[in-house]
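Summary of the model geometry
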Amino acid sequence: MKIGFIGLGKMGSGMVQRLLECGHGVVVHDLSRDAVSRLTQLGAVEARSLQHLVDETGAPRIIWIMVPAGPPVDAVLDGLTPFLREGDILIDGGNSRYADTVDRAARLERNGIRLLDIGTSGGLEGARHGACMMVGGRRDAFDIVEPLVSELCVEDGYGYMGASGSGHFVKMVHNGIEYGMMQAIGEGFELLESSGFDLDHEVVARVWANGSVIRGWLMELAAQAFARDGNLSAVGSSIADSGEGRWTVEAALDHGVSIPVIAGALFRRFSSRSRDNFSDKVVAALRHEFGGHGFDPAGGRQDAS
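Values in this document were obtained by computation on a predicted structure and should not be read as measured data. (Residues numbered from 1 in each chain as written. Predicted model: local features only at pLDDT ≥ 70, side-chain atom pairs only at ≥ 80, totals over all residues. Heavy atoms only, no water.)

Helix and strand counts for the chain stand at 13 helices and eight strands. Taken over C-alpha atoms, the radius of gyration comes to 20 Å for the chain, in line with the 19 Å a tight globule of 305 residues would show. Dimensions of the chain along its principal axes, counting C-alpha atoms only, are 65 × 50 × 35 Å. Here the chain, with 305 residues, has 51% of them falling under the buried criterion. (Helix = DSSP H or I, 4+ residues; strand = E, 2+ residues; numbered from the N terminus. Rg over C-alpha atoms; globule rule 2.2 N^0.38 Å. Buried < 20%, exposed > 50% of the residue type's maximum accessible area, 1.4 Å probe, protein only.)

The end-to-end C-alpha separation of helix α7 (residues 139–152) is 19 Å, in line with the 20 Å expected for 14 residues at 1.5 Å each. The largest bend in α7 is about 55°, located at Val145, with the proline Pro147 one to four residues further on. Those residues of α7 that sit buried are Ala141, Phe142, Val145, Leu148, Val149 and Leu152. (Expected span 1.5 Å × (residues − 1). Bend = angle between axes of the 7 residues up to and from the residue.)

The next subject is the nonpolar core. Judged by nonpolar contacts, the single largest core of 32 residues is most densely connected at Phe5, Trp64, Leu116 and Met133. Broken down by element, this core gets its largest block of residues, six residues, from α7. (Core = buried A, V, L, I, M, F, W, Y, C linked by side-chain atoms within 4.5 Å.)

In this section: the packing of helix α8 (residues 166–193) against helix α11 (residues 244–255). Taken N-terminus to C-terminus, the directions of α8 and α11 make an angle of 105°; their axes are 8 Å apart at the nearest point. The angle between α8 and α11 places the two elements in the roughly perpendicular class. Along its contact with α8, which presents Phe169, Met172, Val173, Asn175, Gly176 and Tyr179, the element α11 presents Glu244, Gly245, Trp247, Thr248 and Ala251. (Axes fitted to C-alpha atoms, helices over the stretch in contact; angles between N-to-C directions. Parallel < 35°, antiparallel > 145°, perpendicular 65-115°, else oblique. Contact = heavy atoms within 4.5 Å.)

This part covers unusual backbone geometry. The amide bond that connects Ala59 to the next residue, Pro60, takes the cis arrangement and shows omega of -10°. Here Pro60 is to be found in the loop between α3 (50–56) and β4 (62–65). If you check the backbone angles, Asp156 has positive phi at about 60° while not being a glycine. With respect to the helices and strands, the residue Asp156 is situated in strand β8 (residues 153–162). Judged by relative accessible area, which is 73%, Asp156 ranks as exposed.

For strand β2 (residues 25–29), the tally of buried residues reaches four of five residues, placing the bulk of the element in the interior. Handedness of the crossover joining strand β1 (residues 2–6) and β2 through helix α1 (residues 10–21) is recorded here as right-handed. Sheet analysis places β2 next to strand β3 (residues 45–46), joined by two bridges and oriented parallel. Residue pairing for β3: Val28 is matched across the bridge by Glu46. Following the chain from β2 across helix α2 (residues 33–40) to the adjacent parallel β3, one finds a crossover that is right-handed. (Right-handed = clockwise from strand over helix to strand, strands pointing away. Pairing = 2+ DSSP bridges.)

Another point: the sheet that holds strand β7 (residues 131–136). Across a sheet, strands are paired by hydrogen bonds formed along the backbone, either parallel or antiparallel in direction. Strands sit in the order β3-β2-β1-β4-β5-β6-β7-β8 across an open sheet of eight strands; the sheet is mixed. The outermost strands of the open sheet, each flanked by one partner alone, are β3 and β8. Relative to β4, β1 runs parallel, the two sharing three bridges. Counterpart to Phe5 in the pairing with β4 is Trp64. Running at roughly 15° to strand β6 (residues 114–121), α8 makes contact with β5 (89–92), β6, β7 and β8 of the sheet.

We now examine the packing of helix α4 (residues 71–80) against helix α5 (residues 98–109). Orientation of α4 relative to α5, taken along the N-to-C sense of each, is 5°, at an axis distance of 12 Å. If you check the angle between α4 and α5, you find them roughly parallel. Contacts from Val73, Asp74 and Leu77 of α4 reach α5 at Arg104, Arg107 and Leu108. Taken together, the residues that form the contact of α4 with α5 break down as three nonpolar, no polar and three charged. (Nonpolar A, V, L, I, M, F, W, Y, C, P; charged D, E, K, R; others polar.)

Summary statistics for the chain give a mean pLDDT of 93 and a share of 96% for residues scoring 70 or more. Under a pLDDT of 50 for its full length, residues 298–305 has, in the predicted model, 24 contacts with residues more than four places off or in other chains. (pLDDT = per-residue confidence, 0-100.)

Pairing between β7 and β8: five bridges, direction parallel. If you follow Gly136 over to β8, its bridge partner there is Gly162. Note that the unit made of β7, α7 and β8 has a crossover that is right-handed.

This part covers helix α13 (residues 278–291). For α13, which comprises 14 residues, the first-to-last C-alpha distance of 20 Å matches the rise-based estimate of 20 Å (1.5 Å per residue) to within 8%. Buried residues dominate α13, accounting for 13 of its 14 residues. Just past α13, the residue Gly292 takes up positive phi, approximately 70°.

Below, the discussion takes up the packing of aromatic side chains. Throughout the structure, instances matching the rule amount to nine aromatic pairs. Each ring, one from Phe189 and one from Phe226, has its centre 5.0 Å from the other, and the planes form 45°; the classification is tilted. Separated by 37 residues along the polypeptide, Phe189 in helix α8 and Phe226 in helix α10 (residues 217–228) bring together distant segments of the chain. Residue classification places Phe189 among the buried residues on the basis of a relative accessible area of 0%. The class for Phe226 is buried, based on a relative accessible area of 3%. (Phe/Tyr/Trp six-rings, centres within 6.5 Å; stacked < 30°, edge-to-face > 60°.)

Structure, rendered in structure tokens:
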């Protein structure tokens, strides 16, 4: 299968490498010449413009977009639309707000262009070696791209969620849950840090990651972070939020659903920017481990990419 791919950042570049290794032809476009060059050396085809990318991708075209939410997505869609034809499929694999996705899908549908929203999880490791994907949009479009999605994901790591916007909605809630889980881990380690016992946090995290009720990837990442820096001395405690937590709380308000843990975790991220404590360092370290999110040792605002 030959597809177009726009957005070669941390996640996008890893996904393109995986697609190439699976034998797919990939036509790539990005504002970064270095990102394009790295992937063309691995076998991708460079597209000099959005029109060139469309021309190089066979009909029905499948074009995967991995750019930041908001205006960048609209800019790419607006740039592509004049060159697309009825039946073509666009995939927004970023963290777009689900309501925006619903509007975009309806607008594109008027020209016969199908938009799939594919919420993508798994961090940098998942992008490179097998992700988790939540798919929304027209079922006939999903049926066409399902073999592609299957190859990008771990076993049982993807599913069709339903109508346009549902994939991004499920991913949004996923990220809200992630906020709460990381906050609980951070608070637990802050209590351990203040206990008066001479505890090795790496040992604690390793033990909890193996066989305990709270075992899981986040705990493995905590052990990994503590192995690198036992006291997280190089980690600032200011935690960024990139939008999904806020949208989850707003959706809960719209639907009258109580989500105090997720809301509390979001508000704690706000307070982390004006004070320094160990639990926030743990959350910042976890974000760095799975997503490569930057942190400022001086406690400044983190990269929210």
